[in-house]
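# Coordinate inspection notes
Single-letter residue listing:
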Amino acid sequence: MNKHVLIAGGGIGGMGLAVALTRAGLNVDLLEQTPEFSEVGAGIQLGPNAVRVLSDWGLSNALQAVAAFPDRLRVRDAHEGTVLGELPLSERARLKYGQPYATIHRADALQVLLQAAQAEPRVTLHLKERLRSVHELPDGVSVLTETGHTHVADALIGCDGLWSVVRRHVMAGPAGLLPDADPPLDIPPRFSGHIAYRGMVAQADLPDSLRTQSVTAWLGAKLHVVQYPVRRGELVNVVAVVEGRQLGNPQGWTHDANRAELLQAIGPVHPQLRDLLEAVTSWKQWPLNDRPPMTGPYEHAQGRVALAGDAAHPMRPYLAQGAAMALEDAWTLGRLVQRALAADSAGPIPWVDLFQRYARGRWQRNARVQANSISNGKVFHADGFLRMGRDVALSLMGDTLMDKPWLYSGPPDVV
Ligand SMILES: Cc1cc2nc3c(=O)[nH]c(=O)nc-3n(C[C@H](O)[C@H](O)[C@H](O)COP(=O)(O)OP(=O)(O)OC[C@H]3O[C@@H](n4cnc5c(N)ncnc54)[C@H](O)[C@@H]3O)c2cc1C
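All residue numbers refer to positions counted from 1 along the written sequence of the respective chain. Restriction of local features to residues with pLDDT of at least 70 applies here, the model being predicted, together with a cutoff of 80 or more for giving and counting side-chain atom pairs; totals for whole chains, interfaces and linings are based on all residues. For side-chain calculations, the full set of non-hydrogen atoms in the structure is used, while hydrogens and water are omitted.

### Quick notes on the site of the ligand
Our working definition: Residue proximity to a molecule or strand is established when one non-hydrogen atom of the residue lies within 4 Å of it. For this analysis, a polar contact is any N or O atom pair within 3.5 Å, provided that within protein one partner can donate a hydrogen and the other can accept it, and provided that sequence-adjacent residues contribute only side-chain to side-chain pairs. Using the Shrake-Rupley algorithm and a 1.4 Å probe, accessible areas are obtained, with residue cover drawn only from the displayed protein chains. Numbering of helices and strands starts at the N terminus; helices are DSSP runs of H or I of at least 4 residues and strands are runs of E of at least 2. Charged means Asp, Glu, Lys or Arg here, nonpolar means Ala, Val, Leu, Ile, Met, Phe, Trp, Tyr, Cys or Pro, and polar covers whatever is left, Gly included.
Close to the ligand lie 30 residues, the nearest being Gly13, Glu32, Gln45, Arg106 and Asp310. Here Gly13 contributes a backbone N or O atom positioned 2.8 Å from an oxygen atom of the ligand. The separation between an oxygen atom of the ligand and a polar side-chain atom of Arg106 is 2.5 Å. Starting from 1000 Å² of accessible surface for the ligand in isolation, the protein chains cover 91%. Elements represented by at least two residues in the shell around the ligand include exactly α1 (12-24), β3 (43-46) and α9 (322-343). Taken together, the residues of the shell around the ligand sort by class into 11 nonpolar, 12 polar and seven charged.

See below:
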């Protein structure tokens, strides 16, 4: 009793949390709005901190089977092609952090977690269940979905992403009594002014000169492009970010884009970069939205309801750590539950206290990653003196600047 949790959202964060909580001994019902568990055709980088979480869940072999493990992170000038700085990744990351730096297709990452969750008898996965509202009960939480179903459990964790419904409840204050407060207690996500174009190409379809097993970030004025291998190195994932206006419904997340539109937005760049962009035939466009860095634990939990991943701390992708922080949140919640059950396996889990510990333990690290992601974006897109300073700094101490021990040695344990 008292060991039943609802998770809203079955993305990388929610699925990871389902694995963490069931491994800790809880029963989980996960509600996902879409008709199937799927991820968009794009890649993500998983720093050693994220890989450590997967390894702790016993998923190293599953990761090894589908991910790529790039040899280095290289920064190049998008116009001149000059190498501005380099950080060796593969062996160095293993030696320094005990875990590799991985790059993976998002669908493969979700599949690894989905299979782990499906192997757990304590998880029930519900599709086409879009959560509409949250009601806290004296000793539990009840949620209503768009299909008219009610689900009741001891606690709820919202992993429902950037446009989180659960967040509205958490930010409405104690007992959710202030959803229409004036001024509002929470503001909607904000458009960053940046648009990402994402595409993939098979290495086999590229000329030798464009094939790569490295992460390369091309930096230009008001733009950058990141490329890296995924799916055992068989595909190259390409993300091009330009500055522009938001088009269409931001909640639509993906919009088809054509290559000509991207090449026009990018303008003149180094021929090798241009060749790469031309080699990708299908592009999707994302308006990049985020929230300001978290300002306190209250953004992570309220009563028996907590938030994890983008629902709590959506960020710009310039530190490549949004999914990693969602996995770290999940890992932390799993550890706290393990500890609570180790202290008293028969008694009720003190959910309110446990969520407050989680919130206090996580918010500053998540805020730091959000803030670093914002400043990285400015540095990536710099022009003029800032660009000159950046390039000099990268040439003098590129590996020191690109390495992030405070980040990659995580997740920190929370007591
Ligand atoms: C261009 C780009 C590049 C990125 N690169 C990286 C990277 O290299 N490394 C990295 O770590 N991160 C990266 N990220 C960030 C990463 O994609 C996100 O931080 C991560 O996906 C967040 O996971 P999540 O599970 O919290 O949310 P989401 O992935 O948004 O999942 C939320 C889930 O909840 C479901 N849902 C939503 N509302 C409801 C509801 N009301 N009821 C039920 N279900 C609901 C959704 O359908 C979805 O399945 C990148 C992001 C972008 C845009």
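### What about the pattern of salt bridges?
Just so we agree on the cut-off: Salt bridge criterion: a side-chain nitrogen from Lys or Arg within 4 Å of a carboxyl oxygen from Asp or Glu. When a residue's accessible area, from a 1.4 Å probe over protein chains only, is under 20% of the maximum for its type it is buried; when over 50% it is exposed; and in between it is partly exposed.
Tallied over the full model, the rule gives 26 salt bridges. Put simply, Glu120 and Arg23 hold a salt bridge, and the shortest N to O gap is 2.8 Å. One end of the pair, Glu120, is in the loop between α5 (106-118) and β7 (123-126); the other, Arg23, is in helix α1, with 97 residues separating them in the sequence. Between Lys96 and Asp403 there is a salt bridge whose closest N-O contact spans 2.6 Å. Taken together, the residues Lys96 in helix α4 (residues 90-97) and Asp403 in the loop between α11 (384-402) and α12 (405-408) connect sequence positions 307 residues apart. Classification of Lys96 by relative accessible area gives partly exposed; the value is 43%. The class of Asp403 is buried, set by a relative accessible area of 7%.

### Quick word on the confidence of the model for the protein chain
Note the cut-off: Residue-level confidence of the predictor, termed pLDDT, takes values from 0 up to 100. Contact definition: two residues touch when any of their heavy atoms are within 4.5 Å.
Residues of the protein chain with pLDDT of at least 70 account for 95%, and the chain-wide mean is 94. When the criterion is pLDDT under 50, residues 175-179 qualifies, and its contacts beyond four places in sequence or with other chains add up to six contacts.

### Describing the packing of helix α2 (residues 48-56) against α9
Rules: Helix axes are fitted only over the stretch in contact, all axes being lines through C-alpha atoms; the angle between N-to-C directions runs from 0 to 180 degrees. What sets the label is the angle itself: under 35 degrees gives roughly parallel, over 145 gives roughly antiparallel, 65 to 115 gives roughly perpendicular, and the rest give oblique. By definition, turning the near helix anticlockwise from the far helix through less than a right angle yields a left-handed crossing, and turning it clockwise yields a right-handed one.
The geometry of α2 relative to α9 is characterised by a closest axis approach of 9 Å and an angle of 40 degrees between their N-to-C directions. With respect to their mutual orientation, α2 and α9 come out oblique. Every pair of crossing elements has a handedness; the one defined by α2 and α9 is left-handed. Residues Asn49, Ala50, Val53, Leu54 and Asp56 of α2 touch α9, and the partners they reach there are Ala324, Met325, Leu327, Glu328 and Trp331. Its residues placed into classes, the contact of α2 with α9 shows seven nonpolar, one polar and two charged.

### Remarks on the packing of aromatic side chains
Formally: Classification of ring pairs rests on two measures: the distance between centres of Phe, Tyr or Trp rings, Trp counted by its six-membered ring, which must be within 6.5 Å, and the angle between planes, read as stacked under 30 degrees, edge-to-face over 60 and tilted in between. By definition, being over a ring means that NZ of Lys or CZ of Arg is both within 6 Å of the ring centre and within 35 degrees of the ring normal.
Summed over all chains, the structure comprises four aromatic pairs. Judged by centre distance (5.3 Å) and plane angle (50 degrees), the rings of Trp351 and Phe355 are tilted. One end of the pair, Trp351, and the other, Phe355, are both in helix α10 (residues 351-380), four residues apart, so they sit about a helical turn from each other. Classification of Trp351 as buried rests on a relative accessible area of 2%. By relative accessible area, Phe355 is classed as buried at 0%. Put simply, the rings of Tyr97, Tyr101 and Tyr408 pair up and form one aromatic cluster. The ring centre of Phe69 lies 5.8 Å from the NZ or CZ of Arg94, which sits over that ring.

### Section: the sheet that holds strand β17 (residues 283-290)
What counts, and what does not: Two strands form a pair only when DSSP identifies at least two bridges running between them.
Here we have eight strands laid out as an open sheet, ordered β5-β4-β13-β14-β15-β12-β17-β16, and mixed in their pairing. The sheet is open, and its two borders are formed by β5 (83-88) and β16 (255-257), each paired with just one other strand. Adjacent strand axes in the sheet meet at a mean angle of 20 degrees when their direction is disregarded. Where strand β4 (residues 72-77) lies against strand β13 (residues 215-220), five bridges are found, and the strand directions are parallel. Residue pairing in the sheet places Arg76 in a bridge with Trp218 of β13.

### Details of the environment of Ser395
Take Ser395: it is sitting in helix α11. C-alpha of Ser395 to C-alpha of Val75: the two residues are 320 residues apart in sequence and 9.9 Å apart in space.

### Topic: the pairing of strand β10 (residues 150-153)
One face of the sheet, then the other: side chains in a regular strand alternate in exactly this way. Of the two faces of β10, the one lined by His151 and Ala153 is fully buried and the one lined by Thr150 and Val152 carries no buried residue. Both strand β9 (residues 140-145) and β10 contribute to a ladder of four bridges, which runs antiparallel. Bridge pairing links Leu144 to Thr150 in β10.

### Brief notes about the side chain of Glu32
To keep things clear, this is the line we draw: Under the convention used here, Asp and Glu are negative, Lys and Arg are positive, and both His and the chain ends fall outside the count.
Within the secondary structure layout, Glu32 lies in the loop between β2 (27-31) and β3. Buried within the structure, Glu32 lacks any salt-bridge partner; its nearest side chain of opposite charge belongs to Arg130, at an N-O separation of 8.2 Å. Engagement of the side chain of Glu32 in a polar contact is seen with the backbone nitrogen of Gly10, the distance being 2.7 Å. In this structure Glu32 touches Gly9, Gly10, Gly11, Phe37, His126, Leu127, Lys128 and Glu129, once residues within four positions along its chain are discounted.

### Re unusual backbone geometry
Pro411 follows Gly410 through a cis peptide bond whose omega is 0 degrees. Examined against the element boundaries, Pro411 turns out to sit in the segment after α12. In this structure, Lys128 takes a positive phi of about 55 degrees despite not being glycine. With respect to the element layout, Lys128 can be found in the loop between β7 and β8 (131-137). Lys128 gets classed as exposed once you look at its relative accessible area, which sits at 56%. Despite not being glycine, Arg232 shows a phi value in the positive range, around 55 degrees. With respect to the helices and strands, the residue Arg232 is situated in the loop between β14 (223-230) and β15 (235-243).

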